[in-house]
Amino acid sequence: MRRRNCHGIDVSTFQGIINWSQVKADGVRFAMIRSSYGWEDPDRQTDARFRENVEGAKQAGIPVGAYHYSYATNVEQAEKEAEFFLNIIAGYTFEYPVALDMEDASQRGLPRETLTDIAYTFLSRVEEAGYYVMLYANLDWLVNRLDMDRLSRFDVWLAQWSSDPTYTGSFGIWQYTSNGRVNGISPQVDRDISYRDYPTLIREAGLNGLRPGDTVSVGQEVRLKEGTDTFADGTSVASFVKDTLLYVRELDGDKALVSTSPTGSEYTGWFWQSDLTPVENAPALRVGAKVRYHGRLYASSTGNGPGRTVDGTFTVTRILPDRVTGVLLDNGLGWVSADALSVVG
């Protein structure tokens, strides 16, 4: 199940305090968040900002996944790391996979069979606990250090910092740079592209704490069904909301928290999921389309050279689908990510 490229980031405590509303407004549509590393000292080796980042991203309406950085050098340690990881992520829901990050220097010299055993042990244990798992590794590890035939049933998160990926195997997420810039994050940050509709895949499989019965996903665009006049608590809905594009920020059982703004900064309330309908047939992004955007523009299609900050409706004048910020607005006003735009006509 594929969709057009969805741009995201991966973060840890090293990114400091993050303004997730600004991140969302800058076109980020998912976040992979570090939960932990190793296993020996749970208090020290739980990422200091994991819970803050998960909650902040969700409040801004950004779907999230999680990852654990491994130091394991044998199967027994991989089992301990898996249990540590499961304890930390328990109680959260994730719209994106939960991943094992294998890249540490302490593992580099291990035999291929041992490294593969470590990955298989960790991923299998987490998968058995009801999660959609993923392996993060760079091109060298995937080609030369791991037996990907044995690991082929697990999704891959490819780390290859280049203009185009050259890995010939299957992968669902590509980390294409480590020095990205995003509004709301002061230091440089890893940037990623997802090629699969993970929120739908995971929800339909009933994994990561999501339910097959959920009819909407965090970050999805929805509208109220005809005849919906009240919030879930029975209070009346303002008339303008009935004809407005809404954004899902959070799910709680059969209810969904929605906002009239992608960043959650405007009119917000809880509705029953059954009163919402996903916007499946929105107008396609094309040259000449009218789009709504609030946020920063860039001077180039590569995401470099920040331009002006805008808020309004604009006309698409050029599209470069393989570029990070591949949509040009108003014949030179600036470039922006396709995933940051709402097509209105």
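Predicted model, so just to flag it, every value in this text is computed and none were measured.

**Here's the deal with empty space enclosed by the protein**
Following the criterion strictly, the structure yields 1 cavity of 30 Å³ or more and no others. The space that makes up the largest cavity amounts to roughly 30 Å³. Taken together, Glu-95, Pro-199, Arg-203, Leu-210, Asp-214, Val-216, Ser-217 and Leu-251 form the lining of the largest cavity. Class assignment for the residues of the lining of the largest cavity results in 4 nonpolar, 1 polar and 3 charged.

**Re unusual backbone geometry**
Phi angles above zero are rare outside glycine, and Asn-208 is one such case at about 60°. Asn-208 gets classed as buried once you look at its relative accessible area, which sits at 0%. The phi dihedral of Asn-331 is positive, around 55°, even though this residue is not glycine. Residue placement: Asn-331 occurs in the loop between strand S16 (327-329) and strand S17 (334-336).

**Some remarks on the pairing of strand S12 (residues 268-272)**
The alternating pattern of S12 places Gly-269 and Phe-271 on a buried face, while none of Thr-268, Trp-270 and Trp-272, on the opposite face, is buried. Of the pairings in the sheet, the one linking strand S11 (residues 255-259) to S12 comprises 5 bridges and is antiparallel in character. Within the sheet, the bridge partner assigned to Leu-257 lies in S12 and is Trp-270.

**Re the sheet that holds strand S10 (residues 246-252)**
Strand order in the open sheet made by the 5 strands is S12-S11-S10-S9-S13, with antiparallel pairing throughout. Edge positions in the open sheet fall to S12 and strand S13 (276-278), since each of these has one partner strand only. Each strand of the sheet is rotated relative to its neighbour by a mean of 50°, with strand direction disregarded. Here 2 bridges tie strand S9 (residues 221-224) to S10, and the two strands are oriented antiparallel to one another. Bridge assignment links Glu-221 to a residue of S10, and that residue is Tyr-247.

**Some thoughts on helix H3 (residues 50-59)**
The complete set of buried residues in H3 reads Phe-50, Asn-53, Val-54, Gly-56, Ala-57 and Lys-58. Downstream of H3 by one or two residues, Gly-61 has phi in the positive range, about 85°.

**Here we look at the environment of Thr-177**
Note that Thr-177 resides in strand S7 (residues 173-180). Leaving out residues up to four positions away in the same chain, Thr-177 has contacts with Trp-161, Val-189, Asp-190 and Arg-191.

**What about the packing of aromatic side chains?**
Counted by the stated rule, this structure contains 15 aromatic pairs. When the ring centre of Tyr-120 is taken as reference, the NZ or CZ atom of Arg-150 above it lies at 5.7 Å. Over the ring of Trp-270 we find Lys-255; its NZ or CZ atom is 5.8 Å from the centre of that ring.

**What to know about the side chain of Gln-175**
Within the secondary structure layout, Gln-175 lies in strand S7. Separated by 2.9 Å, the side chains of Gln-175 and Trp-161 make a polar contact. Among the polar contacts made by the side chain of Gln-175, one reaches the side chain of Asp-190 at a distance of 3.2 Å. Setting aside residues up to four positions removed in sequence, Gln-175 forms contacts with Asp-10, Tyr-136, Trp-157, Leu-158, Ala-159, Gln-160, Trp-161, Asp-190, Arg-191 and Asp-192.

**Focus on the environment of Asp-104**
Structurally, the position occupied by Asp-104 is in the loop between strand S4 (98-101) and helix H5 (105-108). Judged by its relative accessible area of 12%, Asp-104 falls in the buried class. Distance from Asp-104 to Lys-242, taken between C-alpha atoms, is 52 Å for residues 138 residues apart in sequence. Apart from residues lying up to four places away in sequence, Asp-104 is in contact with Tyr-69, Ser-70, Tyr-71 and Trp-141. Side chain to side chain, Asp-104 and Ser-106 meet in a polar contact 2.6 Å long.

**Details of the packing of helix H4 (residues 75-89) against helix H6 (residues 112-128)**
The interhelical angle for the contact between H4 and H6, taken along N-to-C directions, is 30°, at an axis separation of 8 Å. As summarised for this structure, H4 and H6 are arranged roughly parallel, according to the angle between their axes. Here H4 runs over H6; the crossing is right-handed. Counted together, Val-75, Ala-78, Glu-79, Glu-81, Ala-82, Glu-83, Phe-85 and Leu-86 of H4 and Asp-117, Ile-118, Thr-121, Phe-122, Arg-125 and Val-126 of H6 form the full contact between these two elements.

**Quick notes on the pattern of salt bridges**
Oppositely charged side chains can form a pair if their charged atoms are brought close together. In this structure the tally under the stated criterion is 11 salt bridges. Salt-bridge contacts for Asp-47 lead to Arg-34; the nearest nitrogen and oxygen are separated by 2.7 Å. One end of the pair, Asp-47, is in the loop between helix H2 (42-45) and H3; the other, Arg-34, is in strand S2 (residues 30-37), and 13 residues separate them in sequence. Owing to a relative accessible area of 4%, Asp-47 belongs among the buried residues under this scheme. Between Glu-83 and Arg-125 there is a salt bridge, with the nearest N and O atoms lying 2.5 Å from each other. Residue Glu-83 is found in helix H4, and its partner Arg-125 is found in helix H6; the two are separated by 42 residues along the sequence.

Parameters and conventions
Residues numbered from 1 in each chain as written. Predicted model: local features only at pLDDT ≥ 70, side-chain atom pairs only at ≥ 80, totals over all residues. Heavy atoms only, no water. 1 Å grid on protein atoms, 1.4 Å probe; cavity = no way out; pocket = protein on both sides within 12 Å on 5 of 7 lines; lining within 4 Å. Points joined across faces, edges and corners; volume = space filled by probe spheres on them. Nonpolar A, V, L, I, M, F, W, Y, C, P; charged D, E, K, R; others polar. Buried < 20%, exposed > 50% of the residue type's maximum accessible area, 1.4 Å probe, protein only. Helix = DSSP H or I, 4+ residues; strand = E, 2+ residues; numbered from the N terminus. Pairing = 2+ DSSP bridges. Axes fitted to C-alpha atoms, helices over the stretch in contact; angles between N-to-C directions. Contact = heavy atoms within 4.5 Å. Phe/Tyr/Trp six-rings, centres within 6.5 Å; stacked < 30°, edge-to-face > 60°. Lys NZ or Arg CZ within 6 Å of the ring centre and 35° of its normal. Polar contact = N/O pair within 3.5 Å; in protein donor to acceptor, adjacent residues only side chain to side chain. Parallel < 35°, antiparallel > 145°, perpendicular 65-115°, else oblique. Left-handed = near helix turned anticlockwise from the far one by under 90°. Salt bridge = Lys/Arg side-chain N within 4 Å of Asp/Glu carboxyl O.

That's the geometry; what it means functionally is another story.
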